[in-house]
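The chain contents come next:
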Amino acid sequence: DPVLGRMVAIKVFAGDLDVPDARERFSREARAAAALNHPNIVTVYDFGEYGSQPYIVMEYVPGETMANVIRRKVPVPIADKLRWMQELCAGAGYAHQMSVIHRDIKPANLMIDRSGRLKILDFGIARMLGIASNTSVMIGTPGYMAPEQITGDPVDHRSDQFSIGVVFYELLAYTEPFPGDTLPAITHRILNEHPKPLLGMAADVTPEVAAIVDQAMKKNIAERFADTDAMRSAIARVRRQFN
């Protein structure tokens with residue numbers, strides 16, 4: 001940013017805004033994302049379009065994604081993993097209070113900055129992409145989508161909570177709870193099968209930790225935590241055992 005002298009990240013979307021109402025809807029979603037001000041959410045500074053292609057300008061975060069941490073199977077103490085999940089719930093819970101649902105929480109959208117703090121990328125971007133491509137397809141990433149996202153039922157903050165549970169499982173076990181080589185295989189598992197039990201799969205995972213992950217990934221939306229802050233509080237209580 002030559003005016004303020006700071007590094008920024010610019011994301012340009014494939015697709016364009018030359019469809020009815022797309023500009024107005026993109027602006028509405030981008031403003032909602034830009035209104036989020038939380039230490040665990042990457043800040044959106046600006047948005048617009050270039051040659052009818054939408055783009056957003058956001059805070060540049062030096063560090064690496066959680067996806068990279070998981071891929072490299074970095075030996076991270078469970079206390080740090082629990083703190084990251086607390087921070088994820090804190091950021092997501094704040095956004096939910098502001099009536100913004102992420103819809104695409106996954107390790108690739110979570111940055112661990114150089115101080116070790118977690119920051120959530122791309123709030124509302126999944127919905128913006130749906131607008132930009134003018135499609136009615138499922139919005140999200142298959143392995144992290146809640147059952148109601150797959151079936152087309154109403155989505156709310158508890159859908160993000162399911163995705164957080166999937167991320168939590170993968171961060172603890174360094175393996176996906178709903179693996180599959182094809183979209184039908186993955187969605188069938190999410191809708192019909194339970195992941196392998198976490199206990200015994202990962203060192204330091206206690207029954208209390210496993211119970212939090214299991215509740216977040218309940219297939220029935222009503223059986224999950226009442227809200228994301230309740231999940232954050234449950235993680236905070238368990239985390240005290242490891243400090």
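As a convention, each chain's residues are numbered from 1 in the sequence order in which they are written. Predicted model: local features are reported for residues with pLDDT of at least 70 only, side-chain atom pairs are reported and counted for 80 or more only, and whole-chain, interface and lining totals are derived from all residues. The side-chain figures draw on all heavy atoms in the structure; neither hydrogens nor water molecules are used.

**Remarks on the overall build of the chain**
Operational definition: Strands are runs of DSSP state E lasting at least two residues, helices are runs of H or I lasting at least four, and both sets are numbered from the N terminus onward. When a residue's accessible area, from a 1.4 Å probe over protein chains only, is under 20% of the maximum for its type it is buried; when over 50% it is exposed; and in between it is partly exposed. Residues are treated as being in contact if the distance between any of their heavy atoms lies within 4.5 Å. The accessible surface values rely on the Shrake-Rupley method and a 1.4 Å probe; as for residues, cover is taken only from the protein chains in view. In this count, Lys and Arg are taken as positive residues and Asp and Glu as negative ones, while His and the chain termini are left out. Where a charge lies is defined by one atom per residue type: Lys uses NZ, Arg uses CZ, Asp uses CG and Glu uses CD.
Scanning the chain from N- to C-terminus turns up 9 helices and 6 strands. Viewed in the frame of its principal axes, the chain has a C-alpha envelope of about 55 × 40 × 30 Å. Counting over 243 residues, the chain shows a buried share of 49%. Looking at the chain alone, contacts between residues at least 24 apart form 71% of all its contacts between residues at least 6 apart. Accessible surface, the chain as shown: approximately 11700 Å² in total, 51% of it carbon and sulfur. Side-chain charges of the chain comprise 27 positive and 29 negative groups, with the mean position of each set lying 4 Å from the other.

**A word on the packing of aromatic side chains**
Rule in force here: Classification of ring pairs rests on two measures: the distance between centres of Phe, Tyr or Trp rings, Trp counted by its six-membered ring, which must be within 6.5 Å, and the angle between planes, read as stacked under 30 degrees, edge-to-face over 60 and tilted in between. Two limits define a charge over a ring: the Lys NZ or Arg CZ must be within 6 Å of the ring centre, and within 35 degrees of the ring normal.
Counted under the stated rule, the structure contains 1 aromatic pair. Relative to phenylalanine 178, the ring of phenylalanine 162 has its centre 6.1 Å away and its plane inclined at 15 degrees; by these criteria the two rings are stacked. Note that phenylalanine 162 is positioned in helix H6 (residues 157-173) and phenylalanine 178 in the loop between H6 and helix H7 (183-192), a separation of 16 residues in sequence. Over the ring of tyrosine 174 we find lysine 81; its NZ or CZ atom is 4.2 Å from the centre of that ring.

**Regarding the confidence of the model for the chain**
The line we're drawing: For every residue, the predictor assigns a confidence score, pLDDT, that lies between 0 and 100.
Mean pLDDT over the chain works out to 88, with 91% of the residues at or above the 70 mark. In this model, residues 132-136 is a region of pLDDT below 50 whose contacts with residues beyond four sequence positions or in other chains number 6 contacts.

**Overview of helix H8 (residues 207-216)**
Applicable threshold: This arc is taken over the directions from the axis of the helix to the C-beta atoms.
Residues of H8 that are buried: Val209, Ala210, Ile212, Val213 and Ala216. One side of H8 holds all its buried residues, which, seen down the axis, span an arc of 155 degrees. Looking at the packing, one finds that the buried side of H8 touches helix H3 (78-97), H6 and helix H9 (228-239).

**As for the side chain of arginine 224**
Heads up, the condition is: The definition of a polar contact used here is a pair of N or O atoms within 3.5 Å, where within protein one atom must be able to donate a hydrogen and the other to accept one, and adjacent residues in sequence count solely through side-chain atom pairs.
Mapped onto the fold, arginine 224 is located in the loop between H8 and H9. Here glutamate 148 takes part through its side chain, which lies 2.8 Å from a polar atom of the side chain of arginine 224. Discounting chain neighbours no more than four positions away, the residues touching arginine 224 are Ala146, Pro147, Glu148, Arg158, Ser159, Gln161, Phe162, Gln215, Ala216, Lys218 and Lys219.

**Some thoughts on the environment of valine 42**
Assignment of secondary structure puts valine 42 in the loop between helix H1 (22-34) and strand E2 (44-50). Between the C-alpha atom of valine 42 and that of lysine 119, which follows or precedes it by 77 residues, the distance is 5.8 Å. Apart from the residues within four sequence positions on either side, valine 42 is in contact with Met58, Glu59, Val61, Lys119, Ile120 and Leu121.

**Let's talk about the sheet that holds E2**
Just so we agree on the cut-off: When DSSP finds two or more bridges between a pair of strands, those strands are recorded as paired. Helix axes are fitted to C-alpha atoms over the stretch in contact, other axes to C-alpha atoms as well, and angles between N-to-C directions run from 0 to 180 degrees.
The strand order across the open sheet built from 3 strands is E1-E3-E2, with neighbouring strands paired in antiparallel fashion. The open sheet terminates on both sides in strands that have one partner only, identified here as strand E1 (8-12) and E2. Neighbouring strand axes in the sheet, compared pairwise and without regard to direction, differ in orientation by 20 degrees on average. Pairing of E2 with strand E3 (residues 53-59), which is carried by 6 bridges, proceeds in the antiparallel orientation. Residue pairing for E3: glycine 48 is matched across the bridge by tyrosine 55. Packed onto the sheet, H1 meets E2 and E3 and runs at close to 165 degrees relative to E2.

**A closer look at the sheet that holds strand E5 (residues 110-113)**
Strand order in the open sheet formed by 3 strands is E4-E5-E6, and the pairing between neighbours is antiparallel. Of all the strands in the sheet, the pair left with one neighbour each is strand E4 (63-65) and strand E6 (118-120). The mean inter-strand angle of the sheet, taken between neighbouring strand axes irrespective of direction, is 30 degrees. Sheet analysis places E5 next to E6, joined by 3 bridges and oriented antiparallel. Directly across from methionine 111, in E6, lies its bridge partner lysine 119. Sitting on the sheet, H3 is in contact with E5 and E6, with an inclination near 35 degrees to E6.

**Side note on the side chain of glutamine 86**
Looking at the element boundaries, glutamine 86 is found in helix H3. Overall, the relative accessible area of 14% leaves glutamine 86 in the buried class. Other than its neighbours up to four places away in sequence, glutamine 86 contacts Arg232, Ile235, Ala236 and Arg239.

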